[in-house]
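A closer look at the structure
Chain by chain, the residues run as shown.
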Amino acid sequence: MPPVLEDGIQFATRNVERLKEPEDYQVILLNDDYTTMDFVVAILMRIFHKDEAEANRIMLDVHQDGRGRAGSYSWDIAITKREQVHSLAREHEFPLRCGVEPC
Ligand code: TYC
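Report on the accompanying structure. Quantities reported herein were computed from a predicted structural model and do not represent experimental measurements.

1. Some details on unusual backbone geometry
If you check the backbone angles, H49 has positive phi at about 55° while not being a glycine. Structurally, H49 can be placed in the loop between α2 (37-46) and α3 (52-65). Phi angles above zero are rare outside glycine, and E93 is one such case at about 60°. In this structure, E93 sits in the loop between α4 (75-91) and β3 (98-102).

2. Looking at the pattern of salt bridges
Inspection of the entire model under this criterion finds four salt bridges. Salt-bridge contacts for E54 lead to R57; the nearest nitrogen and oxygen are separated by 3.2 Å. Taken together, the positions of E54 and R57, both in helix α3 and three residues apart, correspond to about one turn of that helix. Residue classification places E54 among the partly exposed residues on the basis of a relative accessible area of 28%. Under the relative-accessibility criterion, R57 is labelled partly exposed at 41%. Between D61 and R57 there is a salt bridge, and its shortest N-O distance comes to 3.0 Å. Here D61 pairs with R57, and both are found in helix α3, just four residues apart, close to one helical turn.

Rules and cut-offs
Residues numbered from 1 in each chain as written. Predicted model: local features only at pLDDT ≥ 70, side-chain atom pairs only at ≥ 80, totals over all residues. Heavy atoms only, no water. Helix = DSSP H or I, 4+ residues; strand = E, 2+ residues; numbered from the N terminus. Salt bridge = Lys/Arg side-chain N within 4 Å of Asp/Glu carboxyl O. Buried < 20%, exposed > 50% of the residue type's maximum accessible area, 1.4 Å probe, protein only.

Put into C-alpha cells, the structure is as follows:
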C-alpha cells in the first residue's frame, strides 16, 4: 500500500483534471453580400446587447474581414443566440449566418 501522502497527491491530481472550468464559446458572425448593414447592427444591439457604436464597429469588422466575434457565452446561451440570429434572419429573408466555437 502506498504511503498516505502519495495517495493524497494522486487523489488531488485526479480531481483537478475532473473539475475543469466550463469552457466559453464565441458566437462568430459571418459576412455575406446581401444582409443589410442596418440589419446586422440591429441584431448586434438586440441579441448581443451592444450599444450602437460597438455594434457598428463589429459589423464593419465582419464586413471587411469576413467574420468577427459577436460575444462569448456558455454553450447553452451561445447556441440559443445562434438560433435567434438565424430565426430573425430567416424572418427578414436575409442569408445572415453565424457559428459557435470554443474561445
Ligand atoms: N456585407 C454586407 C453588405 O455589404 C454587410 C454585412 C456585414 C453582412 C456583416 C453580414 O455579418 C455581416 N451589405
